[in-house]
Every structure is written in C-alpha cells, then in structure tokens.
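Chain residues, written in single-letter form:
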Amino acid sequence: MSAFADNLQAVRQRIARAASAAGRDPESIILLAVSKTKPLADVLEAVRAGQTDFGENYVQEGVDKRLAAGHELPLVWHFIGPLQSNKTRLVAENFDWVHSIDRLKIAERLSQQRPPHLPPLSVCVQVNVSGEASKSGCSPAAAADLCHAVAGLPGLRLRGLMAIPEASDDPVAQRQPFRELRRIYEQLQGEGLALDTLSMGMSHDLEAAIAEGATLVRVGTALFGERNYA
Ligand SMILES: *Cc1c(COP(=O)(O)O)cnc(C)c1O
C-alpha cells in the first residue's frame, strides 16, 4: 500500500472508533483530505486510494490542482481558507464548497458569480468560537443573522457551520468550542434553516469534534504528512 493508503486507513479507523464511542454511524462523517501545499502527485495518489473530497486554502493552488486532476473523476473540491473579494470569482467557478464564509459581502459575490450551469455552491459560515485567539470567522453573536442572509442568496446552498478552534492538547478542553458550534447549529436548525454540515475537527482533534457531532472532518497532516511551507 502507498503511504497515503496506510494513513487513510489509520484516519478512517480513528473516525470509526470516535463515531462508535459517540453512538454514531461513521458513514455519516465525511473525511475531507486537506491537500494544501501538497503536490498534484499526492492528490492523485489519494484518488487512487479512494479519496474523493479535497480541501485547499489557497485559491490558485486549488484551481490548478483541480484542473490538472481532471473533470472526469467525480472529485469534490472544498475551499477552506480565508477568502478575499478579488478571489471570489475563481472560487465560484472552480470549487464545489466554501467553508470559510465570514461576512455577507463575500457570500453575495459568490452568489452573483456562481455560473448558472453549475449546481449551487455549498457553503458553510465560519464562526470564531475561540474568541480573540483566532481572527477568522464571524463572532458567535453574528452567526445567526449572517446565516439567515446567506440562506436567501441564489446560487448558494447554506450547508452549515465551520470552526477552527484554538489548538489544545487536552481532550476535554478541545470539546468545549466544538460544543459551542453545535449549540449555534442546533439553534439555527430550530429557526428553520435546513443545515446538514458541522465542519469541525482536524488531525489533532477529530475525536473531540466527532464526539460533539462533526459531520465533516478536515484532515491534512495525518493523511499527507507534515507540510513544508518553505
Ligand atoms: C490546514 C487546515 C486543516 C488541516 O489541518 P491538519 O492539522 O494538517 O489536519 C484543516 N482545516 C483548515 C481550515 C486548514 O487550514
């Protein structure tokens, strides 16, 4: 087996164990392979191992890989990084999902720029559940208004919420921000939004996220190895 295939099996086992501990079906949790900074060859190796969903943080890098990987393969491309106004068109034209909506202006641009021949762009609103520690995402207090506004935009389909909590080694502390995100998610469902995605959990804290209800975990290092930003 390739290194990726070994890692994939190990991560799937972690997901299965965490799901089973929480009384959840592991099939209800999507594994997003975060391929940022990794070469196309790594993506293709992952595809051969059966991986279908890929996450990218940098617009041009993600677009390049998606185009090189081909359109015939039924791959799903997720944009998960900070998104600036001048990059929204490329994202609207080339990705299937955006997890990092943090203000209405970005969502409005994606809505206007999503090509009509494509299915609606699946989007998540990113919420800053760790307060000052992270600068990305809207505040928990602003999440409801932003979600209701985004849900009304054509060309977009609001799927749920995403968060990147402050890193912690303590499994109990890891769960607290995930629980907070889930609380907001359930509140919005109660207000009538048809949400199905809680995008939370990465290599070091996916068990805590699954315990708190994650439906999609975003895993880079545990699948592809350490990133080299040099
Ligand atoms: C890089 C990144 C990940 C993956 O992180 P790992 O710790 O390598 O698993 C997940 N989500 C987002 C938004 C990222 O930027």
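This is a predicted model, so every value here is computed, not measured. (Residues numbered from 1 in each chain as written. Predicted model: local features only at pLDDT ≥ 70, side-chain atom pairs only at ≥ 80, totals over all residues. Heavy atoms only, no water.)

1. Points about the side chain of Asp53
Next, step 1: Looking at where Asp53 falls in the secondary structure, it is placed in strand 2 (residues 53-56).
Next, step 2: Of the side chains with opposite charge, Arg159 comes closest to the buried, unpaired Asp53, at an N-O distance of 8.9 Å.
Next, step 3: A distance of 3.0 Å separates polar atoms of two side chains, one belonging to Asp53 and the other to Thr52.
Next, step 4: At 2.6 Å, the side chain of Asp53 and the side chain of His78 are in polar contact.
Next, step 5: Contacts of Asp53, omitting those with residues within four sequence positions, involve Ile30, Leu31, Leu32, Ala33, Val76 and His78. (Helix = DSSP H or I, 4+ residues; strand = E, 2+ residues; numbered from the N terminus. Buried < 20%, exposed > 50% of the residue type's maximum accessible area, 1.4 Å probe, protein only. Lys, Arg positive; Asp, Glu negative; His and termini not counted. Salt bridge = Lys/Arg side-chain N within 4 Å of Asp/Glu carboxyl O. Polar contact = N/O pair within 3.5 Å; in protein donor to acceptor, adjacent residues only side chain to side chain. Contact = heavy atoms within 4.5 Å.)

2. Some details on the packing of aromatic side chains
Next, step 1: Scanning all chains against the criterion turns up 3 aromatic pairs.
Next, step 2: With 5.5 Å between their ring centres and 75° between their planes, Phe79 and Phe95 make a pair best called edge-to-face. One end of the pair, Phe79, is in strand 3 (residues 76-79); the other, Phe95, is in the loop between helix 4 (88-94) and strand 4 (97-101), with 16 residues separating them in the sequence. The two residues Phe79 and Phe95 agree in class, both being buried. (Phe/Tyr/Trp six-rings, centres within 6.5 Å; stacked < 30°, edge-to-face > 60°.)

3. Focus on the site of the ligand
Next, step 1: Taken together, the residues surrounding the ligand are Val34, Lys36, Asn57, Ile80, Ile164, Met202, Ser203, Arg218, Val219, Gly220, Thr221 and Arg227.
Next, step 2: Contact distances for the ligand include 2.5 Å between an oxygen atom and a side-chain N or O atom of Ser203.
Next, step 3: Here an oxygen atom of the ligand and a side-chain polar atom of Thr221 are 2.6 Å apart.
Next, step 4: Considering the ligand on its own, with 390 Å² of exposed area, one finds that the protein chains cover 91% of that surface.
Next, step 5: Its atoms largely coinciding with the cavity grid, the ligand occupies the largest pocket.
Next, step 6: The residue makeup of the shell around the ligand, split by class, is 5 nonpolar, 4 polar and 3 charged. (Near = heavy atom within 4 Å. Areas by Shrake-Rupley, 256 points an atom, 1.4 Å probe, with all protein chains shown as cover. 1 Å grid on protein atoms, 1.4 Å probe; cavity = no way out; pocket = protein on both sides within 12 Å on 5 of 7 lines; lining within 4 Å. Sits in = over half its atoms within 2 Å of the grid points. Nonpolar A, V, L, I, M, F, W, Y, C, P; charged D, E, K, R; others polar.)

4. Examining the packing of helix 6 (residues 140-151) against helix 7 (residues 171-190)
Geometry of a packed helix pair, given as the angle between the helix axes and the separation of the axes.
Next, step 1: Running from N to C, helix 6 and helix 7 cross one another at 35°; their axes reach a closest spacing of 11 Å. When you trace helix 6 past helix 7, the crossing you get is right-handed. In this structure, helix 6 contributes Pro140, Ala143, Ala144, Cys147 and His148 to the contact, and helix 7 contributes Glu180, Ile184, Gln187 and Leu188.
Next, step 2: When the residues that make up the contact of helix 6 with helix 7 are grouped by side-chain class, the tally is 6 nonpolar, 2 polar and 1 charged. (Axes fitted to C-alpha atoms, helices over the stretch in contact; angles between N-to-C directions. Left-handed = near helix turned anticlockwise from the far one by under 90°.)

5. A few points about the pairing of strand 4
Next, step 1: With 5 of 5 residues buried, strand 4 is to be regarded as a mostly interior element.
Next, step 2: Bridge analysis of strand 3 against strand 4 gives 2 bridges, and the strand direction is parallel. Bridge assignment links His78 to a residue of strand 4, and that residue is Trp97.
Next, step 3: In this fold, strand 3 hands off to helix 4, which returns the chain to strand 4; that crossover is right-handed.
Next, step 4: Assessed by its sense of winding, the connection that carries the chain from strand 4 through helix 5 (residues 104-113) to strand 5 (residues 121-126) is right-handed. (Pairing = 2+ DSSP bridges. Right-handed = clockwise from strand over helix to strand, strands pointing away.)

6. Section: the pairing of strand 6 (residues 156-162)
Along a regular strand, successive side chains alternate from one face of the sheet to the other.
Next, step 1: Extensive coverage of strand 6 is indicated by the burial of 6 of its 7 residues.
Next, step 2: Pairing geometry for strand 5 and strand 6, over 6 bridges, is parallel. Looking at strand 6, one finds that Gln126 is bridged to Met162.
Next, step 3: Two elements, strand 6 and strand 7 (residues 197-199), share 3 bridges in a ladder whose sense is parallel.

Such coordinate-based values are descriptive only and should not be taken to indicate function.
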